[in-house]
Amino acid sequence: IILLATFVLALGGLQVADAKKKGNGGGGGKACKIIIAAKSIPLKVFQKHDGNALIKWFSANRSMEVWEKEDIEGWDFWILLVFKKGSSDNEITVSFYDVEVTPKHLINTFDLMMMKKGEKIIPHRVKLSKKEFKANHRYMIQVSIKHVTKGEQEFNLRGKQIKYSGEINFSDDEAAGKLE
């Protein structure tokens, strides 16, 4: 997995007026809502340093499907972690699971380090490689702190399947069983 944190913007001390606002993720009483956006976040949204502006932008641009970017041979998207009470530690674990198999299969994990505990809103850029992830497949992002799950969100990776010709060409010697 190729994960690129061009910057992890931890907006400490922000008060989120409506952290329980409906979105794509986290629901069901979880301590962390995960919102996925396939678009790049506009610089003006970051420059505001306003957690509510980030939540509003992510909610308006949320996506349950992320399309492959052929120039990077994988997927490039953003996640926003919104904690109801703030993160209880300055290390957050983000894991990706394949949920099309039973039991779900862990694909990869990475850690986010925060400047301090109590961060409520954490945007993060994620890049996933085709070497580990499959196009047109369903996955789950799981956020945990100290091995306790705080939030989960399922999503789909879309793109072109790897195509095989189905042809195998053998030399005459190989076909006759004459291998060296």
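Residues numbered from 1 in each chain as written. Predicted model: local features only at pLDDT ≥ 70, side-chain atom pairs only at ≥ 80, totals over all residues. Heavy atoms only, no water.

Participant: Before we go on, may I ask you to explain the pairing of strand 4 (residues 91–98) in this structure?
Facilitator: Put simply, side chains in a regular strand alternate between the two faces of the sheet. In terms of burial, strand 4 is a largely internal element, seven of the eight residues being buried. Judged from the eight bridges that link them, strand 4 and strand 5 (residues 105–113) form a sheet pairing that is antiparallel. From the neighbouring strand, Val94 faces strand 5, where its bridge partner is Phe110. What sits between the antiparallel neighbours strand 4 and strand 5 is a turn of six residues. Strand direction decides the pairing type here: strand 4 and strand 7 (residues 137–145), joined by six bridges, are antiparallel. Its bridge partner being in strand 7, Val94 is matched across the sheet by Val143. (Buried < 20%, exposed > 50% of the residue type's maximum accessible area, 1.4 Å probe, protein only. Helix = DSSP H or I, 4+ residues; strand = E, 2+ residues; numbered from the N terminus. Pairing = 2+ DSSP bridges.)

Participant: Could you clarify how one ought to interpret the packing of aromatic side chains in this entry?
Facilitator: Each aromatic ring pair is summarised here by two numbers: the centre-to-centre distance and the angle between the ring planes. In the structure shown here, the tally under the stated rule is seven aromatic pairs. Considering the side-chain rings of Phe96 and Phe133, the 5.9 Å spacing of their centres and the 85° angle between planes classify their relative orientation as edge-to-face. Residue Phe96 is located in strand 4, and its partner Phe133 is located in the loop between strand 6 (121–129) and strand 7; the two are separated by 37 residues in the primary sequence. Neither residue differs from the other here; Phe96 and Phe133 are each classed as buried. Through successive ring pairs, a cluster of aromatic residues spans Phe77, Phe96, Phe110, Phe133, Tyr139 and Phe155. Sitting over the ring of Tyr97, Lys104 keeps its end group 4.7 Å from the ring centre. (Phe/Tyr/Trp six-rings, centres within 6.5 Å; stacked < 30°, edge-to-face > 60°. Lys NZ or Arg CZ within 6 Å of the ring centre and 35° of its normal.)

Participant: What should I look at first to understand the pairing of strand 3 (residues 74–83) in this one?
Facilitator: Judged by how many residues are buried, strand 3 sits mostly within the fold: ten of ten residues are covered. As defined by bridge partners, strand 1 (residues 32–37) adjoins strand 3 across six bridges and the pair is classed as antiparallel. Bridging across to strand 3, Ile36 finds its partner in Ile79. Alignment of strand 3 against strand 6, held across nine bridges, turns out to be antiparallel. Note that in strand 6 the partner of Leu81 across the bridge is Ile122.

Participant: Mind showing me how you'd approach the pattern of salt bridges here?
Facilitator: If the charged atoms of two oppositely charged side chains come close together, the side chains can form a pair. This model, assessed by the stated rule, comprises six salt bridges. With a closest N to O distance of 2.5 Å, Arg125 and Asp76 form a salt bridge. Remark: Asp76 occurs in strand 3 and Arg125 occurs in strand 6; sequence separation between them is 49 residues. For the pair Arg125 and Asp76, one class covers both residues: buried. Across the salt bridge formed by Glu154 and Arg138, the nearest N and O atoms sit 2.8 Å from each other. Here Glu154, found in strand 8 (residues 148–158), pairs with Arg138, found in strand 7; they are 16 residues apart in sequence, far enough to count as distant. What makes Arg138 partly exposed here is its relative accessible area of 25%. (Salt bridge = Lys/Arg side-chain N within 4 Å of Asp/Glu carboxyl O.)

Participant: Could you clarify how one ought to interpret the environment of Lys131 in this entry?
Facilitator: Inspection of the secondary structure puts Lys131 in the loop between strand 6 and strand 7. Residues Lys131 and Gly74, spaced 57 residues apart in sequence, show a C-alpha to C-alpha distance of 8.3 Å.

Participant: Explanation requested: the sheet that holds strand 3 in the structure shown.
Facilitator: By definition, the strands of a sheet pair up through backbone hydrogen bonds, in either a parallel or an antiparallel sense. A sheet is described by the order of its strands in space; here three strands give the open sequence 1-3-6, paired in antiparallel fashion. Two strands lie at the open edges of the sheet, namely strand 1 and strand 6, each paired on one side alone. The sheet shows a mean angle of 25° between the axes of neighbouring strands, direction not considered. Contacting strand 1, strand 3 and strand 6, helix 2 (residues 51–60) runs over the sheet at an angle of about 135° to strand 3. (Axes fitted to C-alpha atoms, helices over the stretch in contact; angles between N-to-C directions. Contact = heavy atoms within 4.5 Å.)

Participant: Any chance you could explain the nonpolar core here in plain terms?
Facilitator: Generally speaking, soluble globular proteins have nonpolar side chains that are buried together. Within the largest apolar cluster, 27 residues are counted, with the highest numbers of intra-cluster contacts made by Phe77, Leu81, Ile92, Val94, Phe96, Ile141 and Phe155. Where this core is concerned, the elements lending two or more residues are strand 1, strand 3, strand 4, strand 5, strand 6, strand 7 and strand 8. Looking at this core, the element that brings in the most residues is strand 3, giving five residues. Those residues in contact with Ile141 that lie beyond four places of it in its chain are Ile34, Ile36, Phe77, Ile79, Val94, Ser95, Phe96, Gly151, Glu152, Gln153 and Phe155. (Core = buried A, V, L, I, M, F, W, Y, C linked by side-chain atoms within 4.5 Å.)

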